[in-house]
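Each chain, letter by letter, is given below.
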Amino acid sequence: MKAETAAPVIVFDGVCLLCSRWVRFLLKHDRASRYHFAAMQSEHGRALLLVHGLDPDSPLSFLLVEDHRGYTDTRAIVQILRSLGQRRWRWLGHALHRVPRWLGDPAYRFVARHRYRIFGQSRSCFVPTPEQRARFSP
């Protein structure tokens, strides 16, 4: 009998408008409903950040937890894009994988550090539709 593995979880900043757009993009393009989501402001999101060595009060890293392993920054984005299924996103994931981490991760962190100034901030966390709610941690 095969042991069931938990769905991969993406921890995102629920008040960041860029992060919320990324979640909407994934909800649209993750046709297999593979990914689940947890806002870093939630208890579950904070716990996942802590377990993977990230400060939940000052996260500059994006976190994907898959098979109990944490992926951050460009590595997380590459992992997600390559798994979406559609050719163009897989291709983009493969192309980003070719960017050296010493170059890609600092660029990612620069955007993460300035995300509110560049993209804006919401007064409340992203709210999923009733159909999407099952893919979000409370």
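Residues numbered from 1 in each chain as written. Predicted model: local features only at pLDDT ≥ 70, side-chain atom pairs only at ≥ 80, totals over all residues. Heavy atoms only, no water.

Draft legend 1. Region of interest: the pattern of salt bridges. The full count for this structure, using the stated rule, is 6 salt bridges. A salt bridge links E66 to R34, with the nearest nitrogen and oxygen atoms 2.3 Å apart. In this pair, E66 sits in strand β3 (residues 63-66) while R34 sits in the loop between α1 (17-29) and β2 (36-39), placing the two residues 32 residues apart along the sequence. When the shortest N-O distance is used, the salt bridge between D73 and R109 registers 2.6 Å. Of the two residues, D73 is situated in helix α3 (residues 73-83) and R109 in helix α5 (residues 101-113); the sequence distance between them amounts to 36 residues. Classification of D73 by relative accessible area gives buried; the value is 0%. (Salt bridge = Lys/Arg side-chain N within 4 Å of Asp/Glu carboxyl O. Helix = DSSP H or I, 4+ residues; strand = E, 2+ residues; numbered from the N terminus. Buried < 20%, exposed > 50% of the residue type's maximum accessible area, 1.4 Å probe, protein only.)

Draft legend 2. Just the side chain of R135, in detail. Topologically, R135 is positioned in the segment after α6 (115-119). A distance of 2.7 Å separates the side chain of R135 from the side chain of D30, its partner in a polar contact. Contact partners of R135, with chain neighbours within four places excluded, come to L27, D30, S33, R34, Y35, H36 and F37. (Polar contact = N/O pair within 3.5 Å; in protein donor to acceptor, adjacent residues only side chain to side chain. Contact = heavy atoms within 4.5 Å.)

Draft legend 3. Region of the structure containing unusual backbone geometry. Of note in this structure, S33 is not a glycine but carries a positive phi near 55 degrees. For S33, a relative accessible area of 38% translates into the label partly exposed. With phi around 55 degrees, D67 is a residue other than glycine that occupies positive phi space. Along the chain, D67 turns up in the loop between β3 and β4 (69-72).

Draft legend 4. Spotlight on the pairing of strand β1 (residues 9-12). The alternating pattern of β1 places V9 and V11 on one face and I10 and F12 on the opposite face, and all of these are buried. Bridge analysis of β1 against β3 gives 3 bridges, and the strand direction is antiparallel. Each residue of the ladder has a partner; that of V9, found in β3, is V65. (Pairing = 2+ DSSP bridges.)

Draft legend 5. Fine view of the side chain of S20. Along the polypeptide, S20 turns up in helix α1. Aside from chain neighbours lying at most four places away, what touches S20 is D13, G14 and F126.

Draft legend 6. Focus on the nonpolar core. Counting residues in each nonpolar core, the largest one holds 23 residues, and the members touching the most others are I10, F12, W22, L26, F37 and I80. Tallying contributions element by element places α1 first for this core, with 6 residues. Apart from the residues within four sequence positions on either side, I80 is in contact with I10, W22, L26, Y35, F62 and L64. Listed in part, the 9 residues of the second largest apolar core include V11, A38, L63 and V65. (Core = buried A, V, L, I, M, F, W, Y, C linked by side-chain atoms within 4.5 Å.)

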